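# Geometric and topological summary
One letter stands for each residue in the lines below.
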Amino acid sequence: NASVQFGIAGLGITIVCILRKERFSQFGLTRKNILKAIIGTMICFAPSIGTVFLSGRFDGYQPFSIFVTEDVMNSGIPFSIIGMAVIIIIWGFFEGFNYAVICEKINRRYPSKNQWIDYGAISCAIVCILFHPINTSFWGIVDIVTTFIAIYGMLIVRKKTGNAWGCVFAFCFIWNAI
């Protein structure tokens, strides 16, 4: 699963950037406004975090926690170190940065004159919802709405600050942690 996700997110972004002679910094991986981007993204994820707590799904804070993390941690040294590095790079860095790049590519192709209507952010938020299990219960619907707010908001923050580190932060320390 890690190799598939890296092939889609990480390797895909890397190859496209190399072929088009684009730098990751062109998509917001810069130091400028990094704190604003992270704080803004945290605010956008607040409704989603609140939903996790209010619905009783909070099992503890575990950054980089995905379905294989426990097995990786129990695999012993050096495999646990290598495994966690792969998890951090693929499910943290590239998953968050992938949203920033895809959003930017869509917005270049389909620009909007309205500062709050962002076709890239809308597309990414919808795809995020569709890639994850959908539940039609009350909390499932609330989760869908708050996920849209989180992803859309995160990408608007990236657009307003010019910094994508908030996206990376979200997937390292919020999305895959709570």
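The coordinates are above.
Residues numbered from 1 in each chain as written. Predicted model: local features only at pLDDT ≥ 70, side-chain atom pairs only at ≥ 80, totals over all residues. Heavy atoms only, no water.

### Let's talk about the nonpolar core
The biggest cluster of nonpolar side chains holds 29 residues, and the ones touching the most others in it are Phe45, Phe97, Tyr99, Ile151, Met154 and Leu155. With seven residues, helix α4 (residues 79-109) is the largest single contributor of residues to this core. Aside from chain neighbours lying at most four places away, what touches phenylalanine 45 is Ala150, Ile151, Met154, Ala170, Ile174 and Trp175. By size, the runner-up hydrophobic cluster in this structure holds five residues, among which are Val72, Met84, Ile90 and Trp91. (Core = buried A, V, L, I, M, F, W, Y, C linked by side-chain atoms within 4.5 Å. Buried < 20%, exposed > 50% of the residue type's maximum accessible area, 1.4 Å probe, protein only. Helix = DSSP H or I, 4+ residues; strand = E, 2+ residues; numbered from the N terminus. Contact = heavy atoms within 4.5 Å.)

### Re a nonpolar patch on the surface
On the surface, Phe53, Phe58, Tyr61, Phe173 and Ile178 cluster together into a nonpolar patch covering about 440 Å² of accessible area. Here isoleucine 178 lies in the segment after α7 (165-175). We classify isoleucine 178 as partly exposed; its relative accessible area is 32%. (Patch = residues over 30% accessible without salt bridge, like charges linked within 9 Å, V, L, I, M, F, W, Y side chains within 5 Å. Areas by Shrake-Rupley, 256 points an atom, 1.4 Å probe, with all protein chains shown as cover. Salt bridge = Lys/Arg side-chain N within 4 Å of Asp/Glu carboxyl O.)

### Examining helix α6 (residues 138-161)
Taking 1.5 Å as the rise per residue, α6 with 24 residues should run 34 Å; its terminal C-alpha atoms sit 34 Å apart, in good agreement. One or two steps after α6, the chain reaches glycine 162, where phi turns positive at roughly 75°. (Expected span 1.5 Å × (residues − 1).)

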